[in-house]
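Tertiary structure, described
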Amino acid sequence: MSTSSIGKILLIIFIFSAFNLVFSPSEAEKNLISEEKSFLKGLEPEKRIVYFNITGYSSSPDETDETPWLTAMNTLTRDGITASNDLPLGTKIKIPSLFGDKVFVIEDRLNSRIRGVIDIWYPDKDSALNFGIHRDVLVEILE
């Protein structure tokens, strides 16, 4: 390699180094970016909105498998539990038009042939039947 080639390479390295120094963030800018990120921590992530048919179910043996009080996540049925085949287990949702700000968790599954439905758990069959069927309801998927 000739001396002029080495000189050109060194010049290019020097220019890129100077460019990096000029355009890299200062400590003050780094602090500002850090403050912005901490400011954004309190904000909710963008919501996903999906429409589902909403129904009710209970732990009555004619509606479930041989373990009516256990969910697909192997937890006990309780208020705020839902079943869905369309969302991953553990997904948190809101159904504002029916339940306001109440948060539900998908912890159970429906019969495998059922899609497009979220089933809300109720402590007894009469309550689930009285809830009825609500079609094309807006559901907010939180996480």
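Scroll up to find the structure this text is about.
What comes next concerns the included structure.

Cut-offs and rules
- Residues numbered from 1 in each chain as written.
- Predicted model: local features only at pLDDT ≥ 70, side-chain atom pairs only at ≥ 80, totals over all residues.
- Heavy atoms only, no water.
- Helix = DSSP H or I, 4+ residues; strand = E, 2+ residues; numbered from the N terminus.
- Buried < 20%, exposed > 50% of the residue type's maximum accessible area, 1.4 Å probe, protein only.
- Contact = heavy atoms within 4.5 Å.
- Areas by Shrake-Rupley, 256 points an atom, 1.4 Å probe, with all protein chains shown as cover.
- Phe/Tyr/Trp six-rings, centres within 6.5 Å; stacked < 30°, edge-to-face > 60°.
- Patch = residues over 30% accessible without salt bridge, like charges linked within 9 Å, V, L, I, M, F, W, Y side chains within 5 Å.
- Salt bridge = Lys/Arg side-chain N within 4 Å of Asp/Glu carboxyl O.
- Polar contact = N/O pair within 3.5 Å; in protein donor to acceptor, adjacent residues only side chain to side chain.
- Pairing = 2+ DSSP bridges.

Let's talk about the overall build of the chain
Broken down by element type, the chain carries four helices and six strands. For the chain, the succession of helices and strands along the chain, N to C, is α-α-β-β-β-α-β-β-α-β. Counting over 143 residues, the chain shows a buried share of 29%. For the chain, contacts bridging at least 24 residues in sequence account for 72% of all contacts bridging at least 6. As displayed, the chain has an accessible area near 10,000 Å², and 59% of this comes from carbon and sulfur atoms.

A word on the packing of aromatic side chains
All chains considered together, the criterion is met by four aromatic pairs. Here Tyr122 and Phe131 contribute two aromatic rings whose centre-to-centre distance is 5.5 Å and whose plane-to-plane angle is 40°, an arrangement assigned as tilted. Under the relative-accessibility criterion, Tyr122 is labelled buried at 16%. Its relative accessible area of 14% is what places Phe131 among the buried residues. Among the aromatic side chains, those forming a connected cluster through ring pairs are Phe99, Phe104, Tyr122 and Phe131.

Let's talk about a nonpolar patch on the surface
A contiguous nonpolar surface patch, about 310 Å² in accessible area, is contributed by Trp69, Leu70 and Leu76. On the secondary structure map, Trp69 appears in the loop between strand E1 (48–57) and strand E2 (81–83).

So, the environment of Ser60
With respect to the element layout, Ser60 can be found in the loop between E1 and E2. Judged by its relative accessible area of 13%, Ser60 falls in the buried class. Taking the C-alpha atoms as reference points, Ser60 and Pro123, separated by 63 residues in sequence, lie 9.0 Å from one another. Here the side chain of Ser60 touches Ser58 through a polar contact of 3.2 Å, side chain to side chain.

Notes on the pairing of strand E5 (residues 117–121)
Strand residues, when the strand is regular, have side chains that alternate between the two faces of the sheet. With five of five residues buried, E5 lies mostly within the body of the structure. With burial as the criterion, each face of E5 is covered, one bearing Val117, Asp119 and Trp121 and the other bearing Ile118 and Ile120. In this structure, E1 lies alongside E5, joined through five bridges in parallel fashion. Counterpart to Thr55 in the pairing with E5 is Asp119.

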